[in-house]
Each structure stands twice: as C-alpha cells, then as structure tokens.
There are 4 protein chains.
Amino acid sequence: MSLFERLRDDNLDAWKSYTQHAFVKGLATGDLPEKAFRTYLKQDYLFLIHFSRAYALAVYKSPGLSDMRQALEGLKAIMDMEMDLHVELCASWGVSREQLETTPEASQTMAYTRFVLETGLRGDLLDLQVALAPCIIGYGEIARDNASATPKGPAAATYRRWLDEYASEPYQDVAVDFIRWMDKTSQIYMTEARFSALSVIFNQASRLEADFWQMGLED
Amino acid sequence: MSLFERLRDDNLDAWKSYTQHAFVKGLATGDLPEKAFRTYLKQDYLFLIHFSRAYALAVYKSPGLSDMRQALEGLKAIMDMEMDLHVELCASWGVSREQLETTPEASQTMAYTRFVLETGLRGDLLDLQVALAPCIIGYGEIARDNASATPKGPAAATYRRWLDEYASEPYQDVAVDFIRWMDKTSQIYMTEARFSALSVIFNQASRLEADFWQMGLED
Amino acid sequence: MSLFERLRDDNLDAWKSYTQHAFVKGLATGDLPEKAFRTYLKQDYLFLIHFSRAYALAVYKSPGLSDMRQALEGLKAIMDMEMDLHVELCASWGVSREQLETTPEASQTMAYTRFVLETGLRGDLLDLQVALAPCIIGYGEIARDNASATPKGPAAATYRRWLDEYASEPYQDVAVDFIRWMDKTSQIYMTEARFSALSVIFNQASRLEADFWQMGLED
Amino acid sequence: MSLFERLRDDNLDAWKSYTQHAFVKGLATGDLPEKAFRTYLKQDYLFLIHFSRAYALAVYKSPGLSDMRQALEGLKAIMDMEMDLHVELCASWGVSREQLETTPEASQTMAYTRFVLETGLRGDLLDLQVALAPCIIGYGEIARDNASATPKGPAAATYRRWLDEYASEPYQDVAVDFIRWMDKTSQIYMTEARFSALSVIFNQASRLEADFWQMGLED
C-alpha cells in the first residue's frame with residue numbers, strides 16, 4: 001500500500017469532496033457553464049505559476065541529486081508544457097497570455113498555493129510532497145474516472161480536451177511517478193508517529209482543492 | 001505620509017471591506033451572534049500561532065540587530081500575552097486551551113496565515129511587513145473607530161472586552177510602532193518601481209482579512 | 001541513549017577535534033594568547049546574532065506550540081542574556097557594542113552560521129537541531145570538562161569568567177533541555193534510515209566549530 | 001554602469017584576490033599541481049549541486065514569470081550540462097560519478113554554498129543574485145583573462161579544456177545574461193541606501209571564492 005493510498009483512505013470524505021465535486025461532474029456531462037470553466041482555467045494558470053515555484057522549492061529541499069532531478073522534471077513539465085495548454089485554450093477564447101498573467105488572484109487560488117509552499121518551507125520534502133499530492137494525483141484520478149465521459153453542449157470539445165490532457169499517458173505517468181517518489185521519500189522520512197500530521201496536511205490540501213472547484217462555480 | 005497610509009489609500013475599497021465588515025459592525029452594536037464570535041475567536045487562536053511564526057520569520061529575515069529586537073518584541077507580545085486573552089475568553093465558555101489547539105483549521109485561517117508567511121519567505125522583510133500590516137494596524141483602527149461603541153445584548157461584555165483590548169494604549173502603541181518600523185524598512189528597501197507589487201500584497205492581505213470575518217458570520 | 005549520544009559516538013574524532021581543541025586547552029591553562037580570545041569573542045558576538053536567527057527559524061519551523069515555546073526560550077536566552085556577556089567582556093577592553101556589531105565577519109563565522117541556518121531551511125526541525133547541537137551541547141561539555149581548571153597568566157580572570165558562564169547551572173540546564181528537546185523531536189521525525197544523514201550534519205557542524213576555534217588561534 | 005561593475009569596483013581587492021588567485025595563475029601557466037586541480041574539481045562538483053539548489057531557490061523567489069524562466073534556464077544549464085564536464089574530466093582520472101557524489105564536503109565548499117543559499121532565503125532575489133554573481137561572472141572573467149594562455153606540463157590539456165569551457169560563447173553569454181538580469185532586478189529592488197549591504201554580500205562571496213581556490217592548493 002502506497003503512502004498516497006493510506007492518506008486517501010484516511011481522508012475519503014475530503015478526497016471525494018474534491019475528486020467528485022459538482023464542478024468535475026458538470027465537466028464530464030457538459031452541464032458545467034463555460035463561464036465557470038473559464039474562471040477556473042484562468043485561476044489555474046496563476047495556480048500553475050505557484051506550482052512551478054513549489055517544484056522549484058522541491059529541488060531546493062531535495063536531500064540528494066536523484067530527488068533534485070525528479071523535481072526538476074516536474075518543474076520543466078509545468079513551465080515548458082502544462083502552462084501551454086492553458087494558454088492555448090484561453091487564446092481560443094481571445095484571452096491572451098498577458099491577460100492571463102495579470103488576472104487578479106482569487107482567495108481560493110492564494111489559499112491552496114500558499115498552503116503548499118509554506119508547508120514545504122516549514123517542514124521537509126515529504127511534507128511538501130504530501131501537500132502537492134492531491135493536485136498531482138487527483139487530476140490523474142479525475143481524468144481516469146471520466147475517461148469514457150462524453151460531455152454534451154457548447155463547451156463539449158473544450159471539456160473533452162481538458163480530460164484527454166490529464167488522461168493521457170504522459171500525465172498518468174507523472175501521477176504514478178509522483179506516488180513512487182513520495183514512497184521513496186517516506187522510506188527515509190516517514191514514521192508512524194508522523195502519519196497523523198501528514199494526514200492533516202493531505203486533508204487540508206484536498207479541501208482547498210475542493211474550494212478551488214467551488215470558486216469556479218460561484219463566480 | 002507613511003507607507004501604510006499610501007498603501008491604504010491605494011486600496012480603500014479592500015481596506016473598508018475589512019475594517020468596516022458586517023462582523024465588525026455587529027460587534028460594535030452587539031447584534032453579532034455570539035456563535036459567530038466564538039467561531040472567530042477559536043480560529044483567531046490558530047491564526048495567532050501562525051502569526052507568532054510570522055514574527056519569528058521576521059526575526060530570521062531581519063537585516064540587522066535592531067530589526068531583530070523589534071520583531072522579537074512582537075513575537076513575545078503574541079506568545080506571552082495576546083494568546084492569553086483568547087484562552088481567558090474561551091475558558092469563560094468552557095473551551096479549554098487543549099480544545100483550542102486542536103480546533104480544525106478553517107480555509108480562511110489557512111488562506112491568510114500561509115499567504116503572510118509565504119510572502120515573507122519569497123520576498124524580503126518589507127514584503128513580510130506589508131502582508132502583516134492589515135492585521136496589526138487594522139485591528140488598532142477597528143478598535144479606535146469603535147472606541148465609544150456600547151454593544152447591547154447577551155454578549156455585550158465580551159465584545160466590549162475585545163474592543164478594549166485593542167483600543168488599549170499598549171496595543172495602540174504596537175500599531176504605531178509597526179507603522180514606524182515599516183517606514184524604517186522602506187527607507188532602505190522601498191523603490192517607486194516596487195510600490196505596485198507591495199500594493200497588491202496589501203490588497204490581498206486586506207481581502208483575506210475580510211474573508212476571515214466572513215467565515216465567522218457564515219459558520 | 002539520547003540521539004545526541006549516538007551522534008557524538010558516531011563522530012568521536014570530529015567531536016574531540018572541537019571540544020578538546022588547542023584553543024580550549026589554552027583557555028583552561030591560561031596559555032591562550034589574549035589576542036586569540038579577543039578575536040574569538042568578537043566573532044562569537046556575530047555568531048550569536050546568526051544563532052538568534054537560527055532559534056527564530058526554529059520557532060518558525062516548529063510543528064506545534066510546545067516546540068515554539070521551547071525555541072522562543074532559546075531565542076530570548078541569547079538575545080536578552082548571552083550576548084550581554086560578550087558586550088561586558090568587550091567593554092572591559094574598550095570595545096564598544098557598536099564596534100562589535102560592525103566587526104567584519106570571518107570566513108569561519110560565515111561557514112558555521114550559514115550552514116546551520118541553511119540546514120534548517122532545507123530540512124525539518126530535527127535537521128536544524130542536529131546542526132545546532134555541537135554548539136549548544138559542546139559548550140556545556142567544554143565548561144564541565146574544565147570546571148576545576150585554574151587558568152594562569154594575564155587573562156586568567158577573563159578565561160575563568162567565560163568557563164564559569166557555561167559551567168553555570170542555568171547554561172547546563174539549557175544544554176540538558178536541548179538534548180531532551182532533540183529526543184522529543186526525534187521520537188516523531190527520526191528513522192534509522194535517516195541516521196546517517198543526521199550524522200553527516202553533526203560531523204560537519206563539529207568540524208566547523210573546530211574551524212571556529214582555529215580562526216582565533218591563527219588571527 | 002551595471003550593478004556588477006559598481007560592486008566589483010567597490011571591492012577590487014577581494015575581487016582580485018579571487019580572480020587572480022595563485023590557483024588561477026597556476027592553471028594558466030600549467031604550474032598548478034594536478035592534485036590541487038583534482039581536489040578543486042571534486043569539490044566543485046559538490047559545489048554545483050548546491051548551486052543548482054541556489055538557482056532553484058531563485059525560481060522560487062522570483063517575483064514574476066520572466067524571472068522564473070531566466071532562473072530555470074540557469075538551473076537546467078548546471079544540472080543538464082555543466083556537471084557533465086566535471087563527470088567527464090573526473091572519469092578520465094578514473095573517478096566515477098558515484099565517487100564524486102560521496103566525496104566529503106570541504107569546509108570551504110560548505111562556506112560559500114551555504115552563504116549563497118542562506119543569503120537568498122534571508123533576503124530577496126537581488127540579494128541572492130549578488131551572492132551568486134562572483135561565481136557566475138568571475139569564472140567568465142577568469143577564462144577571458146586567460147584566453148590566450150598556453151598551460152605547460154602534464155595537466156596542460158585538462159587546464160586548457162577547463163579554460164575553454166568557460167571562455168566558450170555559451171558560457172560567456174550566461175555571464176552577460178546574468179549581469180543584465182541583475183540589472184533588471186535592481187531597477188525594481190535597488191536603492192542607494194541598500195548598496196552598502198549588497199556590497200558586503202559581494203565582498204563576502206568573493207572572499208569565499210578565494211578561499212575555495214586556496215582549499216585546492218592546500219589539500
């Protein structure tokens with residue numbers, strides 16, 4: 001059983017409130033208003049800037065070269081690739097890269113991103129990984145859960161494009177690698193006495209992810 | 001004109017949304033449900049733990065001994081005094097110190113506290129001070145604005161006790177000292193080119209403070 | 001067996017090169033040139049500024065309130081007391097507080113202090129404690145080892161004053177408390193897989209302490 | 001006049017003690033014992049690991065995306081390229097990558113690397129850049145100063161290889177880009193009141209670089 005599975009099982013309610021959020025369900029059926037998705041995607045661009053910073057922090061905090069290389073791959077994946085999906089989709093709505101970068105940051109964006117970063121600075125690499133886990137692994141699970149979904153309606157193609165991105169083999173590999181990387185770190189830094197504190201971090205991060213979906217719905 | 005005044009004037013809407021929030025008005029009239037205040041106070045205890053960490057971070061980030069001493073005074077004021085007000089008020093409701101420390105953290109508590117801490121770690125002492133300013137200076141202003149308020153109703157004494165604490169000369173001195181300390185730092189680290197970024201920090205922190213009041217109301 | 005004892009036993013050569021350094025022996029006999037001691041003491045004042053920062057960092061990195069309080073006591077002990085010993089001794093030689101604060105920092109001072117701080121930022125509270133341990137516990141051991149020493153010569157009173165300070169019950173208590181605090185942290189964060197990395201930190205810190213004595217001798 | 005030029009001119013003695021160190025002169029003539037160069041190169045490999053961490057920290061601390069991209073390029077340049085030169089040269093002496101990674105770290109390696117990292121964590125991106133500058137820009141200058149040198153003796157080819165690497169257009173571009181990047185940052189974060197503190201950082205970093213050459217000679 002991986003550390004991720006233990007953490008998820010210990011926080012099933014929070015995990016499901018995030019991975020099975022109404023936003024996600026609307027995305028799979030196509031009932032999600034496109035306005036909600038656009039709000040989400042613009043905030044997610046800002047989110048990815050801070051997530052790049054979190055991966056850079058993981059490079060900094062790594063106890064050895066192999067961890068540094070693993071974190072660097074994650075950093076490059078976001079800055080050299082994942083952010084381009086957002087730029088591409090937004091461009092199709094006439095929203096430029098410059099507009100994206102100057103979007104005012106929503107409270108929910110600040111909440112999750114700063115929580116992840118600060119958790120990493122306060123603690124060690126394992127704390128940082130556990131704070132990152134709901135995002136990285138959760139997106140993979142959401143896309144897999146909805147692999148056969150056929151969204152209907154005006155934004156169907158966009159929603160399918162988003163789901164395909166995270167259901168793709170490259171992204172699924174990222175998620176699996178992350179689970180393994182966390183297990184590797186936990187072999188050195190994990191104790192049973194520490195599990196409850198890690199579980200709180202995982203719980204908080206999952207709830208902040210759910211808040212992030214909710215932000216899209218409420219805008 | 002102090003840097004604080006410039007920042008406040010540049011963000012009057014956000015500032016008023018915080019310092020004149022419905023929670024504050026209800027506290028002054030006594031119309032605030034006591035449940036809302038209790039929710040707030042318990043979260044504010046968790047908030048103060050992280051604020052102590054923020055002052056400790058300010059000691060760490062200080063460019064010289066006099067800044068370190070100033071930050072240490074702030075740290076001692078919270079850990080050796082301010083937290084006792086919360087413990088005292090909560091004890092009067094039968095909520096123990098242990099219960100306080102194990103209260104689950106609300107999203108809004110995480111949002112503002114981690115934003116402050118992470119802003120300080122990312123930037124310099126001035127960034128950290130600007131992120132702290134809405135809390136430290138705002139509480140003084142709120143208490144002063146409502147110095148002559150006479151809350152009515154069942155929780156009147158508690159609300160008056162809270163207002164008196166922050167209207168007291170010792171706390172007002174803390175706020176004035178903080179304004180001066182920020183000005184002292186800005187004489188070395190402030191440039192006009194940097195003002196807009198500092199203003200964004202101040203704006204975000206003020207909005208996150210307003211969210212924190214709102215949390216109390218909505219619980 | 002405390003974690004400290006395990007670390008010391010795993011690094012006996014480095015530990016003795018520090019706690020039984022020629023500087024220490026000269027201090028106990030009185031053969032240490034007063035010039036060497038003055039160089040040391042002025043650098044040690046700068047050292048304590050950074051050590052205060054390290055304790056502030058420990059407050060920031062603490063996983064809970066009791067750790068925060070423990071670290072805050074250490075911070076106050078240095079800034080409100082230990083630095084005064086240096087100011088007092090230096091004043092007796094006509095070296096003012098201002099001169100102390102503007103002494104150029106020696107490479108060896110930078111080396112140990114920045115190593116401690118950065119180790120703490122990179123890792124967790126336990127890493128930081130292990131990096132601090134040689135200084136805090138070692139000074140107590142050195143003073144105890146030389147409790148009955150009677151330095152001779154022109155600087156005898158100064159050397160005895162220094163030894164008495166660290167042999168005093170208050171300082172010995174600080175050292176014992178630190179050993180216990182580290183054990184308390186290790187109950188949550190220590191794994192056997194992690195021991196070798198902690199031992200490297202302890203070894204490096206002990207060697208950097210020995211370099212610090214050597215700096216005094218060579219000036 | 002770039003910020004780098006101001007800093008260098010304010011610290012010419014420290015700068016020359018580093019860029020015109022006996023180690024450098026011996027490398028250009030070929031009189032440097034190969035043992036000294038091997039000691040240096042093995043420690044420099046450990047140095048680059050921490051320098052990668054410093055660039056990762058620069059990504060984390062960057063105030064915006066363009067700074068993040070600039071820092072990421074630096075990080076990739078070290079981890080994906082510069083470290084390979086060391087591995088290649090060491091392999092030619094029968095020193096494997098594994099041996100390189102487990103070389104005990106010299107005090108001088110710890111001193112400069114931790115100073116750079118901690119300076120960055122304590123302050124802002126500009127502080128970090130100024131601490132990095134002597135290394136990045138200095139190596140470019142050293143290689144340019146000795147562009148026409150023809151080392152003699154048994155290690156001539158190795159020394160020429162090293163000089164060519166840093167005299168190469170790609171590395172010279174790195175140095176020029178770094179000077180520009182620092183100027184860009186200083187346009188936002190630099191004040192005259194701050195110059196003396198930045199100059200102290202530059203001075204300390206230059207002296208720690210000189211210590212690093214000295215370490216090679218003395219081993």
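Definitions and limits used
Residues numbered from 1 in each chain as written. Chains lettered and ligands numbered in written order. Predicted model: local features only at pLDDT ≥ 70, side-chain atom pairs only at ≥ 80, totals over all residues. Heavy atoms only, no water. UniProt positions renumbered as here; feature names shortened; annotations may be inferred. Contact = heavy atoms within 4.5 Å. Buried area = accessible area lost by both parts, 1.4 Å probe. Salt bridge = Lys/Arg side-chain N within 4 Å of Asp/Glu carboxyl O. Helix = DSSP H or I, 4+ residues; strand = E, 2+ residues; numbered from the N terminus. Least-squares fit on C-alpha atoms with pLDDT ≥ 70 in both. Buried < 20%, exposed > 50% of the residue type's maximum accessible area, 1.4 Å probe, protein only. Disulfide = S-S within 2.5 Å. Axes fitted to C-alpha atoms, helices over the stretch in contact; angles between N-to-C directions. Parallel < 35°, antiparallel > 145°, perpendicular 65-115°, else oblique. Nonpolar A, V, L, I, M, F, W, Y, C, P; charged D, E, K, R; others polar. Expected span 1.5 Å × (residues − 1). Core = buried A, V, L, I, M, F, W, Y, C linked by side-chain atoms within 4.5 Å. Lys, Arg positive; Asp, Glu negative; His and termini not counted. Polar contact = N/O pair within 3.5 Å; in protein donor to acceptor, adjacent residues only side chain to side chain.

For chain A, the name recorded in an unreviewed UniProt entry is Aminopyrimidine aminohydrolase, with Roseibium algae as its organism. According to its UniProt record, chain A has this under Sequence similarities (unreviewed entry): "Belongs to the TenA family." UniProt, in its Pathway (unreviewed entry) section for chain A, records the words "Cofactor biosynthesis; thiamine diphosphate biosynthesis."

**Student:** Help me out: how do you make sense of the interface of chain C and chain D in this one?
**Tutor:** By a widespread convention, an interface's size corresponds to the accessible area lost as its parts come together. Residue-level contacts link 17 residues of chain C with 17 residues of chain D. For the chain C and chain D pair, buried surface summed over both sides reaches about 1600 Å², with 52% attributable to carbon and sulfur atoms. Area buried by chain C at its contact with chain D is led by Met110, Arg114 and Glu118 of chain C, which between them contribute 32% of it. For the pair chain C and chain D, the number of links is 4 salt bridges. Taken together, the elements giving at least two residues each to the side of chain C that touches chain D come down to helix H4 (34–61), helix H7 (107–122) and helix H11 (192–218) of chain C. For the side of chain C that touches chain D, the element with the most residues is H7 of chain C, which contributes 9 residues.

**Student:** When you look at the relation of the copies chain C and chain D in this model, what are you seeing that I'm missing?
**Tutor:** Two chain copies here: they are related by a rotation about an axis and a translation along the same axis. Mapping chain C onto chain D calls for a screw motion: a turn of 180 degrees about the axis and a shift of 0.0 Å along it, with 0.0 Å RMSD after fitting. The two molecules are tied by a two-fold rotation axis, judged by turn and shift. Every residue of chain C has its C-alpha some distance from the rotation axis, and the shortest such distance is that of Ala111 of chain C, at 2.0 Å. Mapped onto chain D, 100% of the interface residues of chain C again fall at the interface, so both copies present the same surface.

**Student:** How should the environment of Ala133 of chain C be read in this particular structure?
**Tutor:** All names here are of chain C. Residue position: Ala133 is located in helix H8 (residues 125–145). Of the residues examined, Ala133 reaches a relative accessible area of 0% and is grouped as buried. Separated by 78 residues in sequence, Ala133 and Asp211 place their C-alpha atoms 16 Å apart. Those residues within four positions of Ala133 in sequence are excluded, and the remaining contacts are Gly138, Phe178, Met182 and Phe202.

**Student:** Help me understand the UniProt feature "domain: Thiaminase-2/PQQC" (unreviewed entry) in chain A in this model?
**Tutor:** UniProt records the feature "domain: Thiaminase-2/PQQC" (unreviewed entry) at residues 14–218 of chain A, using the numbering of this structure. The distance from the first to the last C-alpha atom of residues 14–218 of chain A is 20 Å, and the span holds 84% helix and 0% strand.

**Student:** What exactly am I supposed to notice about the state of the cysteines here?
**Tutor:** Such a bond, covalent and formed between the sulfur atoms of two cysteines, is termed a disulfide. In the structure shown here, the tally under the stated rule is 0 disulfides over all chains. Summary of cysteine pairing: Cys135 of chain B is not part of a disulfide, and the nearest cysteine sulfur, belonging to Cys90 of chain B, is at 17 Å.

**Student:** What's the story with the pattern of salt bridges in this structure? I'm lost.
**Tutor:** Should the charged atoms of two oppositely charged side chains come close, the side chains can pair. On inspection of all chains with the given rule, the structure shows 64 salt bridges over all chains. Between Asp80 of chain D and Lys76 of chain A there is a salt bridge, with its nearest N and O atoms 3.2 Å apart. Linking Asp80 of chain D in helix H5 (residues 65–92) with Lys76 of chain A in helix H5 (residues 65–92), this pair reaches from one chain into another. Owing to a relative accessible area of 34%, Asp80 of chain D belongs among the partly exposed residues under this scheme. A salt bridge links Arg114 of chain C to Glu105 of chain C, with the nearest nitrogen and oxygen atoms 2.7 Å apart. Assigned by exposure class, Arg114 of chain C and Glu105 of chain C land together as buried. Residues joined in a network through salt bridges with shared partners are Arg53, Glu105 and Arg114 of chain A together with Glu118 of chain B.

**Student:** Looking at this structure, how should I read the interface of chain C and chain B?
**Tutor:** Facing the 21 residues of chain C at the interface are 21 residues of chain B. Summing both sides of the interface, chain C and chain B together bury roughly 2000 Å²; the carbon and sulfur share of this comes to 71%. Within the residue set of the side of chain C that touches chain B, elements represented by two or more residues are H4, helix H5 (65–92), helix H6 (97–101) and H7 of chain C. It is H5 of chain C that provides the largest number of residues to the side of chain C that touches chain B, a total of 9 residues.

**Student:** Looking at this structure, I do not really get the packing of helix H4 (residues 34–61) of chain D against helix H7 (residues 107–122) of chain D. What am I missing?
**Tutor:** What describes two packed helices is the angle between their axes and the distance between those same axes. Residue and element names in this part refer to chain D. At a minimum axis separation of 10 Å, H4 and H7 run at an interaxial angle of 0 degrees. Judged by the angle between their axes, H4 and H7 are roughly parallel. Taking contact as the criterion, the partners of Gln43, Leu46, Phe47, His50, Phe51, Arg53, Ala54, Leu57 and Lys61 in H4 are, on H7, Thr109, Tyr112, Thr113, Arg114, Val116, Leu117, Gly120 and Leu121. Considered class by class, the residues forming the contact of H4 with H7 number 9 nonpolar, 5 polar and 3 charged.

**Student:** How do you make sense of helix H9 (residues 156–167) of chain D when you look at a structure like this?
**Tutor:** Residues spaced three or four apart along an α-helix face the same direction, because each turn holds 3.6 residues. Residue and element names in this part refer to chain D. Here H9 spans 16 Å end to end across 12 residues, near enough to the 16 Å set by a 1.5 Å rise per residue. Among the residues of H9, those classed as buried are Ala156, Thr158, Tyr159, Arg160, Trp162, Leu163 and Tyr166. Each element contacted by the buried residues of H9 is listed here: helix H3 (22–29), H4, H5, helix H8 (125–145), helix H10 (169–189) and helix H11 (192–218).

**Student:** I would appreciate a short explanation of the nonpolar core in the present structure.
**Tutor:** Where a protein is soluble and globular, its nonpolar side chains tend to be buried together. In terms of nonpolar packing, the biggest core is built from 332 residues, with Trp162 of chain A, Trp162 of chain B, Trp162 of chain C together with Trp162 of chain D touching the most fellow members. When near neighbours in sequence (up to four residues on either side) are disregarded, Trp162 of chain C contacts Leu27, Phe37, Tyr40, Leu41, Tyr139, Ile142 and Trp213 of chain C.

**Student:** Would you take a moment to explain the side chain of Arg122 of chain D for this structure?
**Tutor:** Considering the arrangement of structural elements, one finds Arg122 of chain D in helix H7. Although buried, Arg122 of chain D forms no salt bridge, and the nearest oppositely charged side chain, Glu118 of chain D, lies 5.1 Å from it. A polar contact is formed between the side chain of Arg122 of chain D and the backbone oxygen of Ser62 of chain B, at a distance of 2.7 Å. Apart from the residues within four sequence positions on either side, Arg122 of chain D is in contact with Tyr60, Lys61, Ser62, Pro63 and Gly64 of chain B together with His50 and Arg53 of chain C.

**Student:** Help me out: how do you make sense of the environment of Leu125 of chain B in this one?
**Tutor:** Residues and elements named next belong to chain B. Locating Leu125 in the fold gives a position in helix H8 (residues 125–145). A relative accessible area of 3% places Leu125 in the buried class. Each C-alpha atom, one on Leu125 and one on Val59, is 9.1 Å from the other, the two residues being 66 residues apart in sequence. Among all residues touching Leu125, those that are not within four sequence positions of it are Ala58, Lys61, Ser62, Pro63, Asp67, Trp181 and Thr185.

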